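A structural walkthrough
Residues per chain, in single letters:
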Amino acid sequence: MQQPFKRHVFVCTQQKPEWAPSCAAVGGEKLLERFRVEVAKAGLQDEVAITGCGCLGVCQRGPNVVVYPDGQWYSEVKADEVAAIVDEHLKGGAPPRRAVDPDAETIRKEAAEHRAKTRGMMEGMARSGALPEALEAMVRGFQPARVVLTAVELDLFETVERGADTAEEAARRLGTDARATEMLMNAVAGLGLLDKRDGKFSNGEWARAFLVAGAPHESRQAILHSAHMWQRWHALTECVKHGTAVSYRPMEDRGDEWTEAFIAAMHKNTRMRAPQVAAALDLKGVRRVLDLGGGSGGYSIAFARANPRLEATVFDLPTVTPLTRKYADATEVGARVKTVAGDLHSDAYGSGYDLVFISAIAHMNSPQENLEMLEKAHAALEKGGRVVVQDFILRDDKTRPVTAALFALNMLVGTRSGSAYSESEYRRWLDEAGFTGVERLPLPGPTGLMTGRK
Ligand SMILES: C[S@@+](CC[C@H](N)C(=O)[O-])C[C@H]1O[C@@H](n2cnc3c(N)ncnc32)[C@H](O)[C@@H]1O
């Protein structure tokens, strides 16, 4: 028999509808994390496996934990008890005595009752034709999104951070209606972004980390880009009828606020992704890079950091290159990140490049525009140079990854003829544009990399 671990700890993290008791609702996930930390601290990670698990059937007593092979059940476990369980049981071999842990007979009885109840409920739901939970969540998924976007648009988190701890005071400072503001704040608190104690609001952990000015990972601008996307998505039905964006405005005409939020959102994506892409591309011999539609310059900055002899040119619209300059000049490699203002459809790209990098551009274009763009990229490269396209890459049947299938619609509502494309489509355009050795570079994440050589 295989016995790779001496013990296996199962921590229930089962989620249930809000009205039903569940381990997730009383901190199962945090407890699981705490077990991982304490087991690592005790140096037991090679002896003890820790995993989250589904319902154990004694939901009123959550969060529940079971340790095998001992078969020891722990109920109502608090985070500050984990160290003792690890020390006494997982290390010392003797489970601590806890008054709240049920005996075996109680567990068997409650689990059997729970099974019967669950089965009855599922049969009842099937008979009544009630929407399955997952379908219901899809149908109403827009509500929490809208609540968060409105709170960010109104600058609610910043207002709370600056001391408005009642709805009345927040409404006074925001110039909003007090009754409606209270309803909004209650919902935001329900979603966990605000805390509410004794009628007073304060920012929750995520709000402090992401949603207030000067936060360690301030994301307000990037989230405002999602709020702008909402305005287009609400016309999806019309766009499907007409086959294109019904309220299309060229990027150049969208105004400073829109452009700044858009480029901030793009820049935020590059913070994590660009160093990974730079590492995957092996930039050792590369001297001149064209970053076509380079936006904030996040990728050019990462490439310049990866190779001190590399110079990158961000080619983007004249409304964007001043922003690129700001992002690039705030780094130590700003002098090696140049900008060129132009239109990638109508202007030439220059020549003499070792690498043309085209990230998150192909989805804005029609297939014909992509072919033309890749032909121009081919012409801009030195012999032996590489083109790298980063984008959502759909499976050939175009249904998955679902993020990419949804992104295709994001392009339907926001562009004239953009979409998300499949690997075979990218291969065909790259071949037709004259590239050889076309391949997909393996890189985890929501987008993929296609490359070819001149
Ligand atoms: C989705 S963003 C991608 C930005 C960047 N490549 C990245 O991956 O972070 C698309 C970029 O293309 C630029 N763009 C859109 N239309 C353009 C055009 N006709 N000519 C040049 N750049 C364009 C936008 O300004 C924007 O910076």
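Attention now goes to the site of the ligand. In the region of the ligand, 17 residues are neighbours, and Gly 293, Gly 295, Leu 344, Ser 359 and Ala 360 sit closest. By residue class, the composition of the shell around the ligand is eight nonpolar, seven polar and two charged.

Read across the open sheet, the four strands follow the order β2-β1-β3-β4; overall the sheet is mixed. The sheet is open, and its two borders are formed by β2 (48-53) and β4 (72-74), each paired with just one other strand. Taken over all neighbouring pairs, the strand axes of this sheet differ in orientation by 20° on average, direction set aside. In the sheet, strand β3 (residues 65-68) pairs with β4 via three bridges, with the strands oriented antiparallel. In the strand pairing of β4, Val 67 is matched with Gln 72.

Before going further, it helps to spend a moment on the domain arrangement of the protein. Domain boundaries assigned for the protein yield domain 1 (7-108), domain 2 (140-230) and domain 3 (259-453). When each unit is reduced to the centre of its C-alpha atoms, the spacing between domain 1 and domain 3 is 47 Å.

As for its placement among the helices and strands, Ile 301 is situated in helix α13 (residues 298-306). Residue classification places Ile 301 among the buried positions, given that 30 C-beta atoms sit within 10 Å. Counting along the chain gives 27 residues from Ile 301 to Ala 328, while the straight-line C-alpha distance between them is 6.6 Å. Once you skip the residues sitting within four places of it in the chain, Ile 301 turns out to touch Ala 328, Thr 331, Val 333 and Val 337.

For the α-helix, the turn length of 3.6 residues means that residues three or four positions removed from each other point alike. An ideal rise of 1.5 Å per residue puts 18 Å on 13 residues; helix α5 (residues 142-154) measures up with 18 Å between its terminal C-alpha atoms. The set of residues buried in α5 consists of Val 148, Ala 151 and Val 152. Seen along its axis, α5 keeps its buried residues to an arc of 100°; they face one direction. Looking one or two residues beyond α5, the residue adopting positive phi is Asp 155, at roughly 70°.

So, about helix α15 (residues 367-380). The end-to-end C-alpha distance of α15, which contains 14 residues, comes to 20 Å, matching closely the 20 Å that a straight helix rising 1.5 Å per residue would cover. Listing the buried residues of α15 in full gives Asn 370, Met 373, Leu 374, Ala 377 and Ala 380. Along the axis of α15, the buried residues cluster in a sector spanning 115°; they form a single face. Among the structural elements, β7 (288-292), β10 (353-359), β11 (381-391) and α17 (423-432) are those in contact with the buried residues of α15.

Burial analysis of strand β14 (residues 436-441) places just zero of its six residues in the buried class, which makes it a mostly uncovered element. The pairing of β14 with strand β15 (residues 448-453) spans four bridges and is classified as antiparallel. Across the sheet, the residue bridging to Arg 440 is Met 450, located in β15. What sits between β14 and β15 in their antiparallel hairpin is a turn of six residues, with Gly 445 showing a positive phi close to 125°.

The subject of this paragraph is unusual backbone geometry. Residue Pro 69 follows Tyr 68 across a cis peptide bond; omega there is 10°. Turning to its location among the elements, Pro 69 is positioned in the loop between β3 and β4. Put simply, Arg 400 and Pro 401 share a cis peptide bond, and its omega is -10°. Structurally, Pro 401 is set in the loop between β12 (393-394) and α16 (402-414). Positive phi outside glycine occurs at Glu 76, with the angle close to 50°. Since 18 C-beta atoms lie within 10 Å of it, Glu 76 is described here as partly exposed. Phi angles above zero are rare outside glycine, and Lys 398 is one such case at about 65°. Considering the arrangement of structural elements, one finds Lys 398 in the loop between β12 and α16.

On to the packing of helix α10 (residues 220-233) against helix α12 (residues 255-281). Relative to each other, α10 and α12 sit at 115°, their axes nearing to 7 Å. Pair α10 / α12 crosses with left-handed handedness. Here Gln 221, Ala 222, Leu 224, His 225 and His 228 of α10 lie close against α12, whose contacting residues are Trp 258, Glu 260, Ala 261, Phe 262, Ala 264, Ala 265 and Lys 268. Looking at side-chain class alone, the contact of α10 with α12 contains seven nonpolar, three polar and two charged residues.

What follows covers the pairing of strand β1 (residues 7-12). Here β1 pairs with β2 via six bridges, running parallel. Its bridge partner lying in β2, Arg 7 is registered against Val 48. Chirality of the crossover, the property in question, places the unit of β1, helix α1 (residues 28-41) and β2 among those that are right-handed. The pairing of β1 with β3 spans four bridges and is classified as antiparallel. Note on β3: the bridge partner recorded for Phe 10 is Val 66.

Cut-offs applied
Numbering of residues starts from 1 in each chain and follows the order in which that chain's sequence is written. The model is predicted, so local features are restricted to residues of pLDDT at least 70 and side-chain atom pairs to those at 80 or more, both for listing and for counting; the totals for chains, interfaces and linings are taken over all residues. Working rule for contacts: place C-beta from the backbone, and if it is within 6 Å of a molecule or strand, that residue counts as near it. Each residue is assigned to one class: nonpolar for Ala, Val, Leu, Ile, Met, Phe, Trp, Tyr, Cys and Pro, charged for Asp, Glu, Lys and Arg, and polar for all the others, Gly among them. We treat two strands as partners when DSSP finds at least two bridges between them. The secondary structure listing takes helices from DSSP runs of H or I that are at least 4 residues long and strands from runs of E that are at least 2 residues long, numbered from the N terminus. Axis definition: a line fitted to C-alpha atoms, over the contacting stretch in the case of helices. Angles run 0 to 180 degrees between N-to-C directions. The source of the domain bounds is an automatic or database domain assignment. Buried residues are those with 20 or more other C-beta atoms within 10 Å of their own C-beta, exposed residues have 12 or fewer, and partly exposed residues lie in between; C-beta atoms are placed from the backbone. By the convention adopted here, residues are in contact when the distance between their C-beta atoms, placed from the backbone, does not exceed 7 Å. One less than the number of residues in a helix, times 1.5 Å, gives the span that helix is expected to have. As used here, the arc is the angular range of directions from the helix axis to the C-beta atoms. By definition, turning the near helix anticlockwise from the far helix through less than a right angle yields a left-handed crossing, and turning it clockwise yields a right-handed one. By convention, a crossover is right-handed whenever its connection, traced from the first strand over the helix to the second and viewed with the strands pointing away, goes clockwise.

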